[in-house]
Amino acid sequence: MTDLAVHQPSPTDLRHSSLYINRELSALEFDRRVLQQALDTRTPLLERLKFLGILAGNLDEFFQVRVSGLKQQLAAGVVERPADGMTPDDQLKAIGRIVRELQAQADRCLTGDLLPALAARGVELLDVSAVSSAERAGLDRWYASNVFPVLTPLAVDPAHPFPHISNLSLSLAVMLRGDRGDERFARVKVPRLLPRWVPLGEGHRFVPLEQVIGVNLEALFPGIEIVGWSTFRVTRNTDVQIDPEDAEDLLSLIQEELRNRRFGQVIRLEVSPRTPTAIRQMLLDELAEEAPGWLGSDDIYEVQGVMAAGDLLGLAAIDMPELRDPPFHPGTPPRFAAARTVFEALRDGDVLAHHPYDSFASSVERFIREATEDPDVVAIKLTLYRTGADAGIARALQQAAERGKQVAVLIELQARFDEENNISWARRLEDAGVHVSYGVAGLKTHAKVMLVVRREGDQMRCYVHVGTGNYNPRTARLYTDFGLFSADPELAADLTDLFNVLTGFAQPASYRKLIVAPRGMRERFLSLIRREAEHARGGGTGRIIAKMNSLVDQEIIAALYEASSAGVEVDLVVRGICCLRPGVPGVSERIQVVSVVGRFLEHSRAFLFHNDGQEEAYIGSADWMPRNLDRRIEAVVPVTDPAHRATVKQVLMLMLGDNRQAWELGADGTWTPRHPAPGDPERAAQWILMDQAREFAARVSGSVSAIIG
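Keep in mind it's a predicted model, so treat the numbers as computed, not measured.

(A) Looking closely at the overall build of the chain. Of regular secondary structure, the chain possesses 20 helices and 27 strands. What you see for the chain is a C-alpha radius of gyration of 27 Å, in line with the 27 Å of a compact globule of 709 residues. A burial count over the chain gives 55% of its 709 residues as buried. Sequence separation of 24 or more characterises 73% of the internal contacts of the chain that already satisfy a separation of 6 or more. Within the structure as shown, the chain displays about 29500 Å² of accessible surface, and the carbon and sulfur contribution to it stands at 50%. Computed over 79 positive and 96 negative side-chain charges, the separation of the two mean positions in the chain equals 2 Å.

(B) Here's a closer look at the sheet that holds strand 1 (residues 123-125). Read from one edge to the other, the open sheet built from three strands follows the order 1-6-5, with strand pairing classed as mixed. The strands lining the two open edges of the sheet, one partner per strand, are strand 1 and strand 5 (197-199). The average undirected angle you get between the axes of adjacent strands in this sheet is 30°.

(C) Seen up close, the packing of aromatic side chains. Counted according to the given criterion, the structure contains 16 aromatic pairs. Judged by centre distance (6.2 Å) and plane angle (65°), the ring pair of Phe343 and Phe367 falls under edge-to-face. Placement of Phe343 in helix 10 (residues 342-347) and of Phe367 in helix 11 (residues 361-373) is noted, with a sequence separation of 24 residues between them. Overall, Phe367 belongs to the buried group, its relative accessible area being 0%. Centre to centre, the rings of Phe525 and Phe607 are 4.8 Å apart; their planes meet at 55°, and the pair counts as tilted. Highlighted residues: Phe525 in helix 16 (residues 521-537) and Phe607 in strand 23 (residues 606-609), separated in sequence by 82 residues. Pairwise contacts between aromatic rings join Phe336, Phe343, Phe367, Tyr463 and Phe485 into one cluster. We note Arg274 situated over the ring of Trp229; from NZ or CZ to the ring centre the distance is 4.3 Å. Its end group placed over the ring of Phe30, Arg575 keeps NZ or CZ at 5.7 Å from the ring centre.

(D) View of helix 1 (residues 23-39). Taking 1.5 Å as the rise per residue, helix 1 with 17 residues should run 24 Å; its terminal C-alpha atoms sit 25 Å apart, in good agreement. For helix 1, the N-terminal cap is Asn22; the gap from its side-chain oxygen to the backbone nitrogen of Glu24 is 3.0 Å.

(E) Representation of the sheet that holds strand 8 (residues 266-271) in the model. Overall, mixed pairing links the six strands, which are arranged 2-4-3-7-8-9 in an open sheet. Each of the sheet's edge strands pairs with one partner strand only, and the pair in question is strand 2 (154-156) and strand 9 (300-302). Across the sheet, the mean angle separating the axes of adjacent strands is 30° when strand polarity is ignored. Along the sheet face, helix 7 (residues 277-290) touches strand 3 (170-177), strand 4 (183-189), strand 7 (225-236), strand 8 and strand 9 and points at about 165° away from the line of strand 8.

(F) Fine view of the environment of Ala476. With respect to the element layout, Ala476 can be found in helix 14 (residues 473-476). Judged by relative accessible area, Ala476 falls into the buried class, the value being 8%. Considering only alpha carbons, one finds Ala476 and Phe360, 116 residues apart in sequence, at a separation of 6.4 Å. Once residues lying within four places of it in the same chain are set aside, the contact partners of Ala476 are His355, Pro356 and Phe360.

(G) The nonpolar core, seen in detail. Judged by nonpolar contacts, the single largest core of 98 residues is most densely connected at Phe525, Leu551, Leu560, Leu572, Leu580 and Trp624. The residues contacting Leu572, other than those within four sequence positions of it, are Ala546, Leu551, Leu560, Leu580, Ile591, Gln592, Val593, Val594 and Leu656. Listed in part, the 49 residues of the second largest apolar core include Ala447, Val596, Ala617 and Leu689.

(H) Structural context of the packing of helix 16 against helix 17 (residues 554-566). Running from N to C, helix 16 and helix 17 cross one another at 10°; their axes reach a closest spacing of 8 Å. Taken as axis vectors, helix 16 and helix 17 run roughly parallel relative to one another. Between helix 16, through Arg522, Phe525, Leu526, Ile529, Arg530, Ala533, Ala536 and Arg537, and helix 17, the contact on the second element is made entirely by Glu555, Ile556, Ala559, Leu560, Glu562, Ala563 and Ala566. When grouped by side-chain class, the residues that make up the contact of helix 16 with helix 17 number ten nonpolar, no polar and five charged.

(I) Structural detail: the pattern of salt bridges. Summed over the entire model, instances satisfying the criterion amount to 52 salt bridges. Close ionic contact of Arg233 with Asp60 constitutes a salt bridge, the shortest N to O distance being 2.8 Å. Highlighted residues: Arg233 in strand 7 and Asp60 in helix 2 (residues 45-76), separated in sequence by 173 residues. Of the residues examined, Arg233 reaches a relative accessible area of 5% and is grouped as buried. You can call Asp60 buried: its relative accessible area is 11%. Here Arg268 ties to Glu270 by a salt bridge, and the two come within 3.8 Å at their closest N and O atoms. In this pair, the class of Arg268 matches that of Glu270, namely buried.

(J) Just helix 11, in detail. Along its 13 residues, helix 11 runs just 16 Å from first to last C-alpha, ending more than 12% under the 18 Å computed at 1.5 Å per residue. If you look at helix 11, its biggest bend is around 30°, right at Phe367. Every buried residue of helix 11 is accounted for by Ser362, Ser363, Val364, Arg366, Phe367, Ile368, Glu370, Ala371 and Thr372.

(K) Quick peek at unusual backbone geometry. Put simply, His355 and Pro356 share a cis peptide bond, and its omega is 0°. Inspection of the secondary structure puts Pro356 in the loop between strand 10 (351-355) and helix 11. Residue Ala517 is joined to Pro518 through a cis peptide bond whose omega torsion reads 5°. Looking at the secondary structure, you find Pro518 in the loop between strand 18 (515-517) and helix 16. Positive phi is not limited to glycine here, since Leu168 has a value of about 65°. Summarising the element assignment, Leu168 is placed in the loop between strand 2 and strand 3. Residue Leu168 is classed as buried on the basis of its relative accessible area of 19%.

How each quantity is defined
- Residues numbered from 1 in each chain as written.
- Predicted model: local features only at pLDDT ≥ 70, side-chain atom pairs only at ≥ 80, totals over all residues.
- Heavy atoms only, no water.
- Helix = DSSP H or I, 4+ residues; strand = E, 2+ residues; numbered from the N terminus.
- Rg over C-alpha atoms; globule rule 2.2 N^0.38 Å.
- Buried < 20%, exposed > 50% of the residue type's maximum accessible area, 1.4 Å probe, protein only.
- Contact = heavy atoms within 4.5 Å.
- Areas by Shrake-Rupley, 256 points an atom, 1.4 Å probe, with all protein chains shown as cover.
- Lys, Arg positive; Asp, Glu negative; His and termini not counted.
- Charge placed at Lys NZ, Arg CZ, Asp CG, Glu CD.
- Pairing = 2+ DSSP bridges.
- Axes fitted to C-alpha atoms, helices over the stretch in contact; angles between N-to-C directions.
- Phe/Tyr/Trp six-rings, centres within 6.5 Å; stacked < 30°, edge-to-face > 60°.
- Lys NZ or Arg CZ within 6 Å of the ring centre and 35° of its normal.
- Expected span 1.5 Å × (residues − 1).
- Polar contact = N/O pair within 3.5 Å; in protein donor to acceptor, adjacent residues only side chain to side chain.
- Core = buried A, V, L, I, M, F, W, Y, C linked by side-chain atoms within 4.5 Å.
- Parallel < 35°, antiparallel > 145°, perpendicular 65-115°, else oblique.
- Nonpolar A, V, L, I, M, F, W, Y, C, P; charged D, E, K, R; others polar.
- Salt bridge = Lys/Arg side-chain N within 4 Å of Asp/Glu carboxyl O.
- Bend = angle between axes of the 7 residues up to and from the residue.

Set out below in structure tokens:
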């Protein structure tokens, strides 16, 4: 990776560009680690297919947001250089090269490895030319009944202008020849409402929908010679830009921006290998004309395998347990398992949950359900960042409001790619009498917090939850996240103040225990890092262990460099983007960076500071990125219970000791997979945590059986 080569800077210049890895290229290196899960023959076949689908979805989002941002800079003539010093043009060239490399590897993995291996196990994705005559007749009948009525062929000629091609839609470029021998072009959109993988009778045999359409084009163009057809796909700029000064009605403004998103500038054109050069050029010319300067020949990507490969996630979900990871059933946090109610459990002390090893349903959802049903609960307040399409929690809040409880919900309308779901639920909750707020102008609300107020005797008692993940049952089964439940009066007072900020005009001078962004979080983290450096300089022990999704912030990175130079051991578990360079002599020799990519998406944020033997641990919603520290409402909470602090530390140490699903970052920006040393067993942190959860559930089950017996 020559783009990320290290040049030795002055040891005191901790902001030198050579000490920082480019953000966009680091994001693509995470995609490379995802791809490795698909390439790894130790991974079950359908899980490998799933990772190819995840990779495709990641790249789609990367182009829609990150590449579009770079192109926007070029179109505006604005050059914003990140900490690493790369220009937008340099970044786009490097991105193009890396994406083509990833795409080629993914295509070879699918067509040369996975599809043949799946076919040997009874799962076939066939070319339509390979089906039997009887199966072809069945496909033709299905097409005539279910597909043909839905299709709308759009011709391009002097009387028919080039049609609008919607974002991420799969299309057929059809070449026709008229009576005079002149060639014409038509576009046929592959409908999203129909199954992408058309089943062939019994079993698990499928044909791509676009091929079924392609071999039946005569029905769409009767009497016209079909010269040929090929698939293509466009990606558009979908980054919603909201000016807080214009946001008098934020809901209406975002709805308008979502409508405009359909007409964003085209930034990528994907074509199949069989697409003729003339068609490629015609598509490029027509699409580039929409917004000059945004799309060029460098933005054409040839896909050898399956186009719109994110749809492979549907194929990977077929019911064949023998080709998937073994099932895992989460347990219930012990104190919740032993208590009649959540409130009873929390009066005895805090509860720390670690999802998905601890059940989201028997902890967070139970908390909300009991708060909804308990007649003594008078108020429920929480933040919703990603509601999801099937939002059971939002429905519970509806019911709580209908029962006369005061329910206040902060819904983040600008949660990228979840805006429409959030808008829909905002309206439904308002109709049910819920007090819905959209947060503070100019700031996204990313904090994961909940406050329940309960009448107990002649006083009100508050119960709280502060987490690292969204209140979303679906993602809670796939993402690793921490959540702290508590009846601590100081935390309750802090959350009361925070909700007053979110729903009103309050601005508390400080918080008692919570660390809240944007006011105070950056300064607090910097002071905690610098405190470790002071301990090390004074002859004590300095140690920082931090886990997050991304590490980008230059000021935080410079402070970590300074701490390392002072003698602090810094261990970082960073799932995705990392702009810090570990192992640079004189700067970051005491810093190691590890990334764990496995069955679950590592999403939890946790921070452990040794503090010369008086350890402090924190969990929360914030990564160490400028957007989290400066442009979002975030909440981080201290973990004060010694047993819970030990749990957080154990998870962090398991991640650092992983030699099966962990990767280690080098000073040159290259990620290297870890392998067990000769004679050492494999240690996969996620597997160990699942085994621990199973063992605990078995002990609990045995204890219950003994009591019943």
